Amino acid sequence: QVQLVESGGGLVQSGGSLRLSCAASGSIFSIYVMGWYRQAPGKQRELVAAIPSGGSTKYADFVKGRFTITRDNAKNTVYLQMNSLKPEDTAVYYCNAAARSSSSWYRTNYWGQGTQVTVSS
């Protein structure tokens, strides 16, 4: 199995910055895509940004120009640098990995436990 552990959430004022990290561990055979989703109270979980092992990154329109996703394949870690934060960015942010464990033939979606990001106005 693959475990994802997030860190870096917290409380920040509007216009501030935060950096989220997510480290994957366990019996990893390969990680194809890593990404970040978020879920605000009363809303559905939505994609924030994703980065494949090779190829271009993908961003939701509401974070373009403000958030940057990067990945360190050697450390199986993905980062989300969030700048110019707005109150509407307040949500629980979840790390996601499309990966294959060494005990499976199949690609599976794995989720972290989530980290709270709160932006005050």
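Residues numbered from 1 in each chain as written. Predicted model: local features only at pLDDT ≥ 70, side-chain atom pairs only at ≥ 80, totals over all residues. Heavy atoms only, no water.

### Examining the pattern of salt bridges
Item 1. Summed over all chains, the structure comprises four salt bridges.
Item 2. The partner of Arg38 in a salt bridge is Asp89, and the shortest N-O contact between them spans 2.9 Å. Of the two residues, Arg38 sits in strand 4 (residues 28-39) while Asp89 sits in the loop between strand 8 (77-82) and strand 9 (91-101), which places them 51 residues apart along the sequence. With respect to burial, Arg38 and Asp89 carry one shared label: buried.
Item 3. Asp89 is paired through a salt bridge with Arg66; the nearest N and O atoms lie 2.7 Å apart. Here Asp89 is found in the loop between strand 8 and strand 9, whereas its partner Arg66 is found in the loop between strand 6 (58-59) and strand 7 (67-72), with 23 residues between them in sequence.
Item 4. Exposure remark for Asp89: the relative accessible area of 1% places this residue in the buried category. (Salt bridge = Lys/Arg side-chain N within 4 Å of Asp/Glu carboxyl O. Helix = DSSP H or I, 4+ residues; strand = E, 2+ residues; numbered from the N terminus. Buried < 20%, exposed > 50% of the residue type's maximum accessible area, 1.4 Å probe, protein only.)

None of this, on its own, says anything about what the molecule does.
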